[in-house]
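Tertiary structure, described
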Amino acid sequence: MKKTTLLYLFVSLSIFSTAACETFLPDEPADDALLDGPIADLTPEQNALFLAGDVAFNDEVFTPTTGLGPTFVATSCGSCHAGDGKGTPFSTLVRFGQNDETGNQFMHLGGPQLQNRAIHGHTPEQIPSGAPFAQFTPPANTGLGLLAALADEQILANADPLDKDGDGISGVPNWIHPPDYFKPQWFHKPQNGRYIGRFGKKAAAIDLLQQTVNAYKQDMGITSEFDLEDPINHAVSAQAGDAVADPEVSTAKVNAVVFYLRTLKVPVQRRPQDAAVTAGSQLFLALDCGKCHTPEWKTPQSDLPVLSNQTFAPYTDLLLHDMGSGLDDGYTEGTAKTGEYRTPPLWGLGLSKNSQGGKLFLLHDGRARSVDEAIRLHGGEAARSRNLYSKLNDKDRGDLLEFLDSL
Amino acid sequence: MRNLYALIGLLLSQLAGYAQSVPSAPTDPSAVSKSAVTDSAVASPGSPERVISPSVATTTKPVVADSTPMPKAFAELFYRDSTLRKGKPEQGMLKLNMDATYDRPFLTANKVPVSVGGYLEANSQYMQTDGVTDGLSFQMRRLTLFLASSINRRIKFLSELEFEDGTKEINIEFAAMDIELTPLLTLRGGIIMNPIGSFNQNHDGPKWEFIDRPISSVTIIPATWSNVGFGIYGKKYTRDWVWAYEAYLTNGFDDQIIANTQNRTFLPATKANRDRFDESFNGVPLVSLKTAFKRRRIGEIGVSWMGGVYNMFQVDGLVLDQRRRVDVWAVDFNTTLPTGTFINSELVWARIDVPATYTQQFGRMQQGGWIDIVHPFLRKPIYGWKKAVINGALRIERVDYNVGTFAETGDSLGDDLWAIVPGLSFRPSPTTVIRANYRYHWQKDVLGNPPARMAGFQFGFSTYF
């Protein structure tokens, strides 16, 4: 082979490789196509903390030698929140033991959460006989920091327990007894020693620390300084915790995960200028969907500047609403009634399929397989809006669904 | 059953015949050294060429000369290019993947019965996953040292010490003694490579046109998979074909295969257990069986299985659990087409008895495979390399770590990937390869969500020394 030929070949390959770097390497998905990623304008130090939390949340897999179990539901945070999105029936939790405001009557039998899996040498739990229970599909994590930054007074401003405005929609907070480690912030307004819950299907967690500590323990059987007891199967005699010394996760790691959850970005609405989306948005308000799925909020001053004075659109009021007998599973938490659920945020709804295996599992237990079905399963305080939705013509219904898909 | 009796009969007749003809072992070390490291062949599946090279002594004589022109040409080339060996390379013997352990270039000195060798592979890579890259990296993947010796004309020893990723992992991948009773019955003991699939037996970097090892071979099988144990192997030659078998009992897997940070059933997790070279995890040996058949001008096919118990089912006589098995099957095939195109492939299946109370995240069934197509499109003197070769190569691979369906929904479990790897390689000498690969792969999580797309370029070399 001539040297010049080789030279041409080398130069051609070099040019090809340079061009290929642009052409043949997979692009980053558009910002509005992902739920994960940090909120804008974090400082370098905050980015480092976010990354530490990201690794702990998405990459750390617990094993029997690192504290998993002895009974558990999942082996990692990411197992239930793929891409920080919603979970599936595979990761759906079962809570049991409470059906009124008097509290959980089955704590001595493993309440409030069923650990349906176990490490070697241990037996998974079963729902105790006679215990009320419900299934909860893991929610998405996006934008939680902004919801956590809202003041109680803002939430209470939307509450209408006695339905004084006569619109058929009440809305009440879930008042929760705080755990020992809870540290009230300036924006918390207790009532008889209880605080407003914001997170979870029944709004049973006051803040993201409580949510995180509970998830470590109840979902993975991981103890922390905040809660040093492993979940065990109380129905099996001589049952004990695992062989790993407690705490099984450091306080620094728990705090990193909390910071990660606080600083996850807000879902970016797609196609906001699309005519169908715009029309659907107006229908959403016209059907009074926005009375519970409150479109817009603004945070007050926060200890994190990136969370201060932010206007955002989660489409939730963080309050409990009666959803009717069809969705009443007979189980509850805090002061919520069994038929009451916290209004779930709708942001990120259109990306749910990307974390649910290409399908949809909506409502609190994933029973609705489409947005349309989820709307039609609304009852109680939402019955009027559901009926109005049912009467929409095909185009209007399509516009409304298009709007919801854009979120 | 009739076939088993026939096989036993064949073995016995070979033994009987051999007992009458076995020569006395040489006592003169020089006699040993003359037979050592002189007559074997490197099967080079990553390259379309068959490279005849020296190896540790074997008394197995080829029945016929290989009439395939290409191996002969490269045997001569190898012989001329190498400064590491002496003696005429022996030609014509059909080589199988199982022969790869000893089919390596070794350096030996006059009258010294010990030979040394090794290989090195390093590369750079620039990979990107969904738009996110860690930039350009340089990797020192492996430095492997061989030390071999012919203790007797029919007793040989070879060890393989490997440094992976610098000194991140240091492993004795092979350290075994072979005692040949007849060609059909050789005893082997020590740290052996379990004969499962082809890659685990034939994995030296310089033999391959691809920088990354086949994914299913290293994450399901899990190559390089070696253990302490004993067993037998043998070969039967005729004019145009060779048949071989291997059978070993070794230490095996442990429960880390379903208790690991990969969040999936992951057989390589057992390799973290250094005690496996000291004692069996549960006292039950891992059984490995392989048979391979090669027909001249058609190719080689191998069928293999290994299976055993992976969990600690009892301690001090107290039963803790039922015995839980892991079984791995593999089929491998390679051939060279009349065009010179070399095709190499391997399929693997693994079945793991995961407790029903454990999460479905950990697969009960895994499967995967790959096919390599390597075509030499230029054989010419280049820059003084008299018979240099430039190959075009393509690998397609697939791995499914969790075959089955979700109990809750009946939907298929994900946790799988596809990969395609086109590449170019330049072999200035058969023992050295400079290679450039482009890798693109799609990997889905267990839920079957949209796949993570990873792609990038790799450039590196690998060479025997």
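The structure displayed is predicted, hence computed values, not measured ones. Here the residue index of a chain counts from 1 through its sequence in written order. All chains are assigned letters beginning at A, and all ligands numbers beginning at 1, according to the order in which they are written. Local features in this predicted model are restricted to residues of pLDDT 70 or higher, and side-chain atom pairs are both shown and tallied only at a pLDDT of 80 or more, whereas totals for entire chains, interfaces and linings draw on every residue. The basis for every side-chain value is the complete set of heavy atoms in the structure, and neither hydrogens nor water enter the calculation.

**Side note on the overall build of chain B**
Segments assigned H or I by DSSP are reported as helices when at least four residues long, segments assigned E as strands when at least two residues long, and all are numbered from the N terminus. A count of helices and strands for chain B gives 4 helices and 21 strands. Whether a residue is buried, partly exposed or exposed follows from its accessible area with a 1.4 Å probe, protein chains only, as a fraction of its type maximum: under 20%, in between, or over 50%, in that order. For chain B, the proportion of its 465 residues judged to be buried stands at 57%. Here, two residues are considered to be in contact whenever any of their heavy atoms come within 4.5 Å of each other. For chain B, restricting intrachain contacts to residue pairs at least 6 apart in sequence, the fraction spanning at least 24 positions comes to 62%. Working note: accessible area of chain B is about 18600 Å², and carbon and sulfur atoms make up 62% of it. For every accessible area listed, the method is Shrake-Rupley and the probe measures 1.4 Å; residues are considered covered only by the protein chains on display.

**A word on the overall build of chain A**
Helix and strand content of chain A: 11 helices and 10 strands. Looking at chain A residue by residue over its 407 residues, the buried ones come to 54%. Taking contacts inside chain A between residues at least 6 apart in sequence as the whole, the part at least 24 apart equals 68%. Just so you have it, chain A exposes about 17600 Å², and 55% of that area is on carbon and sulfur atoms.

**Let's talk about the pairing of strand E4 (residues 133–136) of chain A**
All names here are of chain A. Here E4 shows a clear split, with Ala134 and Phe136 buried on one side and none of Phe133 and Gln135 buried on the other. As paired strands, strand E2 (residues 93–96) and E4 are joined by 4 bridges and run antiparallel to one another. For Arg95, the partnering residue across the bridge sits in E4 and is Ala134. Pairing between two strands requires that DSSP report at least two bridges joining them.

**Concerning the environment of Gly369 of chain B**
All names here are of chain B. Considering the arrangement of structural elements, one finds Gly369 in strand E17 (residues 365–382). For Gly369, a relative accessible area of 9% translates into the label buried. For the pair Gly369 and Val331, spaced 38 residues apart in sequence, the C-alpha separation works out to 9.3 Å.

**Thoughts on the packing of helix H2 (residues 44–59) of chain A against helix H7 (residues 251–262) of chain A**
Residues and elements named next belong to chain A. Axes here refer to lines fitted to C-alpha atoms; in helices the fit is confined to the stretch in contact. Angles between the N-to-C directions go from 0 to 180 degrees. Close contact between H2 and H7 brings their axes to 7 Å; oriented N to C, the two are set at 105 degrees. With respect to H7, the element H2 is oriented roughly perpendicular. Listed contacts from H7 to Gln46, Leu49, Phe50, Ala52, Gly53, Asp54, Ala56, Phe57 and Asn58 of H2 are Lys253, Ala256, Val257, Phe259, Tyr260 and Leu261. A per-class count over the contact of H2 with H7 returns 10 nonpolar, 3 polar and 2 charged. Just so you know how the angles are binned, under 35 degrees is roughly parallel, over 145 roughly antiparallel, 65 to 115 roughly perpendicular, and the rest oblique. Here the nonpolar group is Ala, Val, Leu, Ile, Met, Phe, Trp, Tyr, Cys and Pro; Asp, Glu, Lys and Arg are the charged ones; every other residue, Gly included, is treated as polar.

**Remarks on the nonpolar core**
What makes a nonpolar core is a set of buried Ala, Val, Leu, Ile, Met, Phe, Trp, Tyr and Cys residues whose side-chain atoms join them at distances within 4.5 Å. If you look at the biggest cluster of nonpolar residues, it comprises 70 residues, and the most contacted ones within it are Tyr216 of chain A together with Phe253 and Ile352 of chain B. Where this core is concerned, the elements lending two or more residues are H2, helix H4 (144–149), helix H6 (208–220) and H7 of chain A together with strand E15 (325–336), strand E16 (342–352) and strand E19 (416–429) of chain B. For this core, the element with the most residues is H7 of chain A, which contributes 6 residues. Leu96, Phe174, Met193 and Ala244 of chain B belong to the second-largest nonpolar core, a separate cluster that totals 21 residues.

**Focus on the packing of aromatic side chains**
Side-chain rings of Phe, Tyr and Trp, where Trp is taken by its six-membered ring, are said to pair if the distance between their centres is within 6.5 Å; with planes under 30 degrees apart they count as stacked, over 60 as edge-to-face, and otherwise as tilted. Scanning the model with the defined rule gives 27 aromatic pairs over all chains in all. Considering the side-chain rings of Trp241 of chain B and Phe293 of chain B, the 5.7 Å spacing of their centres and the 35 degrees angle between planes classify their relative orientation as tilted. Taken as a pair, Trp241 of chain B in strand E10 (residues 241–250) and Phe293 of chain B in strand E11 (residues 286–295) lie far apart in primary sequence, 52 residues in all. Using a relative accessible area of 29% as the deciding quantity, one classes Trp241 of chain B as partly exposed. Judged by relative accessible area, which is 34%, Phe293 of chain B ranks as partly exposed. Here the aromatic cluster, defined as three or more aromatic residues joined through ring pairs, consists of Phe24 of chain A together with Tyr438, Tyr440, Trp442 and Phe457 of chain B. Here, a charge over a ring means that NZ of Lys or CZ of Arg falls within 6 Å of the ring centre while also lying within 35 degrees of the ring normal. Lying across the ring of Tyr102 of chain B, Lys156 of chain B places its NZ or CZ 4.2 Å from the centre. The ring of Trp370 of chain B has Arg395 of chain B sitting right over it, with the charged end atom 5.7 Å from the ring centre.

**A closer look at unusual backbone geometry**
Put simply, Gly111 of chain A and Pro112 of chain A share a cis peptide bond, and its omega is 5 degrees. Structurally, the position occupied by Pro112 of chain A is in the loop between E2 and strand E3 (117–118). Between Ile221 of chain B and the following residue, Pro222 of chain B, the backbone shows a cis peptide bond with an omega angle of 0 degrees. Along the polypeptide, Pro222 of chain B turns up in the loop between helix H4 (215–219) and strand E9 (226–237). Phi at Ala203 of chain A takes a positive value of approximately 55 degrees, unusual for a residue other than glycine. With respect to the helices, strands and loops of the structure, Ala203 of chain A is situated in the loop between strand E6 (195–197) and H6. Relative accessible area serves as the criterion here: at 0%, Ala203 of chain A is assigned to the buried category.

**Brief notes about the interface of chain B and chain A**
Between chain B and chain A, the contact holds 40 residues from the first and 39 residues from the second. Two parts placed together each lose some accessible area under a 1.4 Å probe, and the buried area is that loss summed for both. On the chain B side of the contact with chain A, Thr357, Leu447 and Phe457 of chain B bury the most area, a combined 18% of that side's loss. In this structure, the salt-bridge partner of Arg117 of chain A is Glu408 of chain B, at a minimum N-O distance of 3.7 Å. No other element matches the 5 residues that strand E21 (residues 452–464) of chain B contributes to the side of chain B that touches chain A. For the side of chain B that touches chain A, the class distribution of residues is 20 nonpolar, 13 polar and 7 charged. Criterion for a salt bridge: a side-chain nitrogen of Lys or Arg within 4 Å of a carboxyl oxygen of Asp or Glu.

**What to know about the packing of H6 of chain A against H7 of chain A**
Residues and elements named next belong to chain A. Close contact between H6 and H7 brings their axes to 9 Å; oriented N to C, the two are set at 125 degrees. Comparing their axes, H7 and H6 come out oblique. In terms of crossing hand, the pair formed by H6 and H7 is right-handed. Contact with H6, carried on its side by Leu208, Leu209, Thr212, Val213 and Tyr216, involves Lys253, Val254, Asn255, Val257, Val258, Leu261 and Arg262 of H7 and no other residues of that element. Here the contact of H6 with H7 is composed, by residue class, of 8 nonpolar, 2 polar and 2 charged. Rotating anticlockwise by less than a right angle from the far helix to the near helix defines a left-handed crossing, while the corresponding clockwise rotation defines a right-handed one.

**Examining the side chain of Arg154 of chain B**
By the element assignment, Arg154 of chain B lies in the loop between strand E5 (132–152) and strand E6 (155–164). A distance of 2.6 Å separates a polar side-chain atom of Arg154 of chain B from the backbone oxygen of Glu180 of chain B. Residues adjacent in sequence count toward polar contacts only when both atoms are side-chain atoms; beyond that, a polar contact is any pair of N or O atoms within 3.5 Å, and within protein one must be able to donate a hydrogen and the other to accept it.

**Side note on the confidence of the model for chain B**
Residues and elements named next belong to chain B. In this model, chain B carries a mean pLDDT of 83, and residues with pLDDT of at least 70 account for 80%. Per-element confidence in chain B is highest for E16, whose mean pLDDT is 98, and lowest for helix H2 (residues 29–35), whose mean pLDDT is 31. Taken together, the stretch residues 1–90 has pLDDT below 50 and engages in 208 contacts with residues farther than four places along the chain or on a different chain. Scored from 0 to 100, pLDDT reflects the predictor's confidence in each residue.

**Concerning the environment of Ile179 of chain B**
Residues and elements named next belong to chain B. In this structure, Ile179 sits in strand E7 (residues 169–182). A sequence separation of 25 residues divides Ile179 from Arg154, and the C-alpha atoms of the two residues are 6.0 Å apart. Filtering out sequence-adjacent residues up to four positions away, Ile179 remains in contact with Arg154, Ile155, Leu185, Thr186 and Leu187.

**Thoughts on the side chain of Thr182 of chain B**
Residue and element names in this part refer to chain B. Along the chain, the position of Thr182 falls in strand E7. Classification of Thr182 by relative accessible area gives buried; the value is 0%. A distance of 2.9 Å separates a polar side-chain atom of Thr182 from the backbone nitrogen of Leu184.

**A closer look at the state of the cysteines**
Residues and elements named next belong to chain A. Cysteine sulfur atoms are paired as a disulfide whenever they fall within 2.5 Å. Applying the stated criterion to the full structure yields 0 disulfides over all chains. There is no disulfide at Cys77, and the cysteine sulfur nearest it, in Cys80, is 8.4 Å away. What makes Cys77 buried here is its relative accessible area of 9%. As a non-bridged cysteine, Cys289 has Cys292 as the owner of its nearest cysteine sulfur, 8.9 Å distant.

**Points about the environment of Tyr126 of chain B**
Topologically, Tyr126 of chain B is positioned in strand E4 (residues 114–129). Tyr126 of chain B gets classed as partly exposed once you look at its relative accessible area, which sits at 27%. When the C-alpha positions of Tyr126 of chain B and Leu136 of chain B are compared, they lie 4.7 Å apart, and in sequence the two are 10 residues distant. In contact with Tyr126 of chain B, other than residues within four places in its own chain, are Leu25 of chain A together with Thr133, Gly135, Leu136, Ala455, Gly456 and Phe457 of chain B.

**Section: H6 of chain A**
Residue and element names in this part refer to chain A. The span one expects for a helix is its residue count, reduced by one, times 1.5 Å. Relative to the 18 Å expected for 13 residues at 1.5 Å per residue, H6 spans 17 Å between its end C-alpha atoms, a close match to the ideal helical length. By the burial criterion, the buried members of H6 are Leu208, Leu209, Gln210, Thr212, Val213, Tyr216, Lys217, Gln218, Asp219 and Met220. With a side-chain oxygen lying 3.3 Å from the backbone nitrogen of Leu209, the N-terminal cap of H6 falls on Asp207. Just downstream of H6, Gly221 is the residue with a positive phi angle, here 70 degrees.

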